[in-house]
Structures are given as structure tokens and as C-alpha cells.
Amino acid sequence: MLEKTYDPAAIEAKHYAAWESAGAFASDVTSNRRPYCIMMPPPNVTGSLHMGHALTFTLQDVLIRYWRMRGRDALWQPGTDHAGIATQMVVERELAKQHVTRQQLGREKFVEKVWAWKAESGGTITRQLRRLGASADWPRERFTLDEGLSAAVRKVFVELYRRKLLYKDKRLVNWDPKLHTAISDLEVEQKEIKGQLWHFKYPVEGEPERFIVVATTRPETMLGDTAVAVHPGDGRYRALVGRHAVLPLVGRRIPIVADDYADPETGSGAVKITPAHDFNDFEVGKRHKLEMVNIFDRDARTNDNVPEPYRGLDRYDARKKVVADLEAQGLVEKIEAHTHMVPHGDRSGVAIEPWLTDQWYVDAATLARPAIEAVEQGRTVFVPEHWTKTYYDWMRNIQPWCVSRQLWWGHQIPAWYGPDGAVFVEEGEAAARAASLKHYGKEVALERDPDVLDTWFSSGLWPFSTLGWPENTPELRRYYPGDVLVTGFDIIFFWVARMMMLGIHFMGDVPFRQVYIHALVRDERGQKMSKSKGNIIDPLEVIDRYGCDALRFTFAQLATPGRDIKLATSRVEGNRNFATKLWNAARFAQMNQCAPVADFDPGANRQTVNRWIVGESVAVARRVGQAIETYRFDEAAAALYQFVWGTFCDWYLEFTKPILGGTDAAAAAETRATTAWVIRRILRLLHPVMPFVTEELAAQFALPGDRALIREPWPEDPDGLLDAAASAEMGWVVRVIEEVRSIRAQYNVEPGKALVATLVHAAPETGKRLDAHRELILRLGRLERIDLAAAAGKGVIESVIDEATLALSIAAAIDKQAELKRLGKELDKVAGEAGKLKAKLDNPGFIAKAPPEVVDDIRERLSEAETVRTRLSEARERLAAL
């Protein structure tokens, strides 16, 4: 017998340990079953489980468990990412506590320290994924810096280089002046800064009293200006195009060029061009072959390319001096307060500097073409489909991919330099020495490139490197390409695009057939979770409080395509109650001797109520399966919730209590067997989403020879178990009782007061149904009686049910005037709330400033308020006419 109270903590750890030790998550490369493969997006080895992880890994696990039950050879390939910059920072902070820097240690000893940290602390995230119930094939776990993946990385780098798809170039990068490395766009966060907009006057060459005015938020960069741009169609400056301005403080002649980048409607219409310190200006500089003057060093201090008075200054000190000196020369036209977004390094917290430096680049435009074609041809499909456009927009405007980072932790670039700078790109030092010997005709000293590769380079190989590439392994032949990639939209470009480009180039096929893009997890008001807002919800704390199954079911419920998830712990608590409801239903069944029967045939049931629940269980199994297969996790969860809590617990178990307690032994035996049969099916249907509670209950309803629930197949039944007549009949009973209950609740009829109901204009079939189920309707609707009639009496509230009208006599059971007053107050309150919400949406100023998620939340609340207002208004009108 089950314990009286459901305690998630008492069952979760034991079942996970049992599954893992029994190899229940394992794929089988020798199987003749059809493979199904998901590549786990490798979380950072430094990471701890957050709500974004919890969402994406829950959805992946739902898919893996479902397809495993459908008989597929399911591989969920796990692993972690070495997370170059994040991991290096963690270890450097640990060293700082000992007053040691990595420079003092040296590269080799520092990397040893990182490996030691990884061995001791790097397993946190995978342990936490186990708490989430992730059924990954853990013995196959990989790490982006393990030897096999490192060999794959070196081979890819060398082959791309030899095919002239990888090269070294001087271009702008996002430079972090605190960490001294280039960083990717994903590692840049935009911060709103209340700054200023300075308007400077640049003298026109040959006309000392004539100026062209430019505006900037970064005065210090003017020391590196090499042009002024105006729009080709701007008549104000047409005569100046081709002439020169004189750069103040520097004295450099800079051309005035015509370029579409200049906006005639913004400021003066003229814009200063600093190609070495602005990404847009860099492109203008390339178009006009402008000089690129780099004025900063790696610390963002001014270098020797600026006039002597400004050298060696921090960029912000340089700003102050530049402004002061221009003001002294009368060249500042005006200064305006200006709020703008400034990019910052998400790890260092300092403003990043667009910096011109030598880096390694991949020719992404060439690699992108076949990746674009693959999506155009439908070889990879995005779900929801609208993300296809985002993918195209990014891929069709792709820039060279900077793959080098100035770090010590990561894949060191396999390039060696000779004394004269000649480069030898090889998979190992021995091969590089052989190449240099051939080149120089003698042994020379070689120096390896100190940089490491962008983390996205190695993770871009994840779908095939984890399967053994470059070796032609059985796993590679069987599981590539994968079936689906599940990920958030924020890394479509950073990870999905990289995997598409590299997978097609090196494997000749796409890395996955579908890409399911889920939304972000926000707080219950739609706000992004952040430490500064104090609204972060820790998934492990939620699991401790409500159980893992409740959190997983909540994610499935809220995973609506195209909408961010607004997570409230009250919702998780509600789903803990759902698990408790299931537990209590199973316990009720046990208390009533409902046990599975080995040779039970649900198709032979004689009781209408039993034929009905069997058919409903078959129908819901098909709905849930179809929903999961089309990534409508929300629809799957809704169908499961409605069937388990509503159809089975609230209706079927209540309908069958008289049978279980009655004198018809055959009917009672059939009902007990049917109840157990349906519970066993419910547990299978819920298992992909709620694996722990279902596994625990399955053991209580197991037949001899049953395996663990995780190994049981998904229910598949013949159409013969669908009983349309039973469904229609019992569906009618449910609707009648629901309508009676709704009217009672709407008009505050006390529970103890029995009402009289009539069915007006009922068809003969309805009369038969009433005769067959009258006692159920009376008991569950709390009615004194219910009869057929030709017309409704007085003092009744009417409601249409199919062809008949249900008339419920409530006049004597309520205080009409008091109820009218109560409904009026509720209506006024809701109308007031709706008015306030509508006023916000009608305010252009509010709409312009409010974050989109806040506006969406208000629209949602307004819609809900309008629905309630309509319902209350209709109820009041019906009561007034009573």
C-alpha cells in the first residue's frame, strides 16, 4: 500500500540511481532499432543549473524518454564545454585568493591548475542534471577538451587553413581591455548609460572659418579619425565631397567622403569616421580605402599613434583632455545629455573596445552558402518556422568569424612561426618541424601561436566529434545526423549556424534534421531574471520544495511556441498538487482492491462508464503522442492534465464509486480491472514528463514479468477501443453536472441547498441518458430532483445543453438583491482594472519606454479582465431577469 502522503524527496534519488546503474539510458550502436539522436548542448563546465538549463534539458528529456518508449534506439549525447574565458576566470580568482597570478605561474603550470579544478569541481552541472531527471547516455559523456575532441579540432583547423577557408587578418574585434582577449558577440552585454553627445567643429581645409560639425559619444576616438562621411544625396555637403577637413588637435588632413552610412536626418548629417575603433566605420573605411589608425593599446590606453600630449592616457582620461582642449580652441559647438547603449564584457564588466588587431578568421561567408541551401531545401527544418527567417538574415549577412582568443585555457592554435614569421599550420609540432625543415632546408627554432580557439569552434564540431570523427566509427555512421537540436533562440547564430556550416563541410550532410527553438524563462511578470532585479528562481530550490516532476510538468505546460515562459512558483506548486492528485488516485484504487489483471481485455467491457474511460485513454494517448512529436509540449501537458485530474479523477472515479460499493460483483470486478488498466496507461503517458512519481506508482501496479516503467513501451491501441456512443453518453453526463455546478457557483448557492432541475425540449435519446444516470447527476450536482418538462418554470436560470435547455430553480435558494449587488461590485472592480490597463496601452509614451515583455503582460491581463467582465455582465443580466 502506498504511503498516505506523496514525498518527492523520498523517491527521486533512488529511482535515478536505479535507472543509471541498470543502463536504462544507454543507446545501442549494434541495435536493429531505428536510431533517434539528440545532441545535448554542452553546458559550461563551470556552470550551475539555472532555469534556462532546466527548461531546455527537460524538453530534451521528454523527447528522449518518449522516443525510447516508442522503440527507437535513443542516444542523448551528453558532455560539457571547457568554456575558455569563464573557466580561466574562475581559476584566476582562486589563485588571487593566494595572491598569485597566472603570469607568475606560467602557462603550463596554470593549465595544470585548471585541469585540477576541473577534476575537483567540474562535475557540478552534470550532477545537477541528474537531479532534473536527465536520462542522458552518461558513459558516453564528452568534454570539448578531451583528447578525441582535441584531435578533431586540430584536424578541422588544419584542413580549413589548407583550403584557404581559415586565415590570419587584421580586423576589428570586441576587445576586453581587462581580460586582454577578443570576445564573441554573445559575451557582450549592452548596458544603458546616461552619457553625453558632443558636437565638434572640424575646420574645412583652405577655409579656416568654415566648419563641418560631427557628433560623437566617444570624443577620445577623434584622435584616430581618418575621414568625415556625408550622405551622397545630402545637398548641404555636395560641394565638400572630395575635399578635406583638418582634424583638430592632430592636424591630419582627412577626406570628406560620400557614403550611405551617413544619415541626413541625424544630427548635422555628417559623421566622423574612425575605422580602427568602430565596426560601422571599419566598413566605411574599407569601402573608401581609408587609413586605419589604432590609437589604443591592449589596456585601452592611448598609444604612440596620437600626439604626444595625449599618449599613455586611460581612454576616459583621454576623453576629458580632448574635450577640454577642443573647448579651449572653440571647437565644441554644443554638448547634450544623451542616454545610449554601451557594450560591456559580460565577464569583466568593463566597456569593450572595438580594436584593430591580428586574429585568425574563418571564411564564414563561403561555409554559410551550403548551410543556407540546406534549410532552403528542407534538409533542416526550424520549429517554429518563423525562426527560419532569423537564420537566413544572420547567415546571408555573415562576417568573417574571429576564432582566436588571447587566453591560456582552451585549444591552442596549431600554428608555429619561423624566425622570419613564416607560419606552419599542422596537427602537431613534429609535422610543423618537418614542414619548416622542408621550407628552410635546415632546423630552425619555431614558436607556437600563443592564442587559443574560440569555444564555439570546438562546440561547432560537437555533432560529429563526439561520435568519434575523424575516425569512421560505427557511432558516427549510425547517429549522424541527429534528429533534432533543442536550444534557445539566443544561440541560433553562435552555435546552430556554426554546427550547420562545419557539419555540412566535413560530413557532407546537415548535423540535425530539425531545430526546435524554445523561448526564454522569465519571472511571473515577464521580466528577465537577473541578480540586480532579485528575481532569479533557483531550479534546485524549486525541486527541493515541490519535487522535480512538478517543475518539469510546469515547463511542458508553459512551452507555448513563440511565447516566453512566465514562471511563477505558484504554478509549480499547483503541479506538485497534480502529482499528489495522481498519488491519491492510485492510493484510492489500492484501497478499493483495483489491481491489474493479466488477461484483462478492455474491449470486452460491458459497463458504459468503463467503455468510456478506456476510449478516452486511447484518445488522449494519441493526442499526447502527436503533440510531443510536433514539439507542442504545452498541448501534451494540457491533454494529460485534463485527462488525469478531470476525466479520470474527478469524473471516472466518482462515477464508479457506486459500482465498487454495489452488489453487482461482475460490474465491480470489471471496474476494478479497468481502473488499474487505466492507471497503468496514465503512468506510461505521464512518464516522459513526470518520470519519478510515475516510476514509483508503476511498481505498485506491476504485473509479474513487468520491467521498470522507463523500459515499457508507449501505449498503442486499436481503433476498436474507441467507443463513440459511450463517449457521447458520458460526455453528456459530465456537461450536465458541470453546468449545474457552474450556476450554483456563479450565484453563490450554498452547498447544502438541493435544487430542482428540469430538461426542456429534450430528445428521446437525452431522456434515456437521464434515466440511466439520474442518480449520478443528483448526487454530483446536489439536486433534489431532475425531470423532463415541456417548459421551464419560474425563478430559474437557463442554460443550453445540446438540443435541450437545462432550467435550474435557484430563486428560493439565494438572496436575489444581495447577489445583484455583489455581482455589480465585482463588475465595477474588474471594469476599473481593465480601464487602468487599457489606459497604459493607449499611452504612446508608456508603450515607447516599456519593455516588450511588460507590454505583452498588460495585453494578456487586459484580455483576461475583459473575459471576466463579459461573464459577470451576462450573469448579472440573467439574474436581473429572474
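In case you missed it, the structure is sitting above this.
All figures in this text were calculated on a predicted structure; none of them were measured in a lab.

Draft legend 1. Layout of helix H22 (residues 665–686). Helix length check: H22, at 22 residues, gives a terminal C-alpha distance of 31 Å against a target of 32 Å (1.5 Å per residue), a fit within 8%. Within H22, 18 of the 22 residues are buried, which leaves it mostly tucked inside the rest of the structure.

Draft legend 2. Local environment of the nonpolar core. Counting 151 residues, the largest nonpolar core has Met 51, Leu 63, Phe 648, Phe 655 and Ile 786 as its most contacted members. With 14 residues, helix H21 (residues 633–660) is the largest single contributor of residues to this core. Setting aside residues no more than four positions away along its own chain, Met 51 makes contact with Val 521, Met 529, Ile 537, Asp 538, Pro 539, Val 542, Leu 551, Phe 555 and Leu 567. Of all hydrophobic cores here, the second largest spans 62 residues; its members include Leu 149, Ala 364, Tyr 417 and Trp 469.

Draft legend 3. Region of the structure containing the packing of helix H19 (residues 569–591) against helix H23 (residues 691–700). Where H19 meets H23, the closest approach of the two axes is 11 Å, and the angle between their N-to-C directions is 5°. Our classification of the angle between H19 and H23 gives roughly parallel. Taking contact as the criterion, the partners of Leu 582, Trp 583, Ala 586 and Gln 590 in H19 are, on H23, Val 693, Glu 696, Leu 697 and Gln 700. Of the residues that constitute the contact of H19 with H23, the class distribution is five nonpolar, two polar and one charged.

Draft legend 4. Representation of empty space enclosed by the protein within the structure. Tallied over the entire structure, the rule returns one cavity of 30 Å³ or more. The wall of the largest cavity is formed by 15 residues, among which Ile 85, Glu 187, Arg 405, Leu 407 and Thr 455 lie closest to the centre. The set of elements that each furnish at least two residues to the lining of the largest cavity consists of helix H3 (84–97), strand S6 (181–183) and strand S21 (452–453). Top contributing element to the lining of the largest cavity by residue count: S6, with three residues. Residues of the lining of the largest cavity, tallied by class, amount to seven nonpolar, five polar and three charged.

Draft legend 5. Main features of the sheet that holds strand S16 (residues 401–402). The strand order S6-S5-S14-S16 describes an open sheet built from four strands, whose pairing is antiparallel. Whereas interior strands pair on both sides, the edge strands pair on one side only; in this sheet they are S6 and S16. Bridging between strand S5 (residues 166–176) and strand S14 (residues 353–362) involves ten bridges; their strand directions are antiparallel. Within the sheet, the bridge partner assigned to Asn 174 lies in S14 and is Pro 354.

What counts and how
- Residues numbered from 1 in each chain as written.
- Predicted model: local features only at pLDDT ≥ 70, side-chain atom pairs only at ≥ 80, totals over all residues.
- Heavy atoms only, no water.
- Helix = DSSP H or I, 4+ residues; strand = E, 2+ residues; numbered from the N terminus.
- Expected span 1.5 Å × (residues − 1).
- Buried < 20%, exposed > 50% of the residue type's maximum accessible area, 1.4 Å probe, protein only.
- Core = buried A, V, L, I, M, F, W, Y, C linked by side-chain atoms within 4.5 Å.
- Contact = heavy atoms within 4.5 Å.
- Axes fitted to C-alpha atoms, helices over the stretch in contact; angles between N-to-C directions.
- Parallel < 35°, antiparallel > 145°, perpendicular 65-115°, else oblique.
- Nonpolar A, V, L, I, M, F, W, Y, C, P; charged D, E, K, R; others polar.
- 1 Å grid on protein atoms, 1.4 Å probe; cavity = no way out; pocket = protein on both sides within 12 Å on 5 of 7 lines; lining within 4 Å.
- Points joined across faces, edges and corners; volume = space filled by probe spheres on them.
- Pairing = 2+ DSSP bridges.

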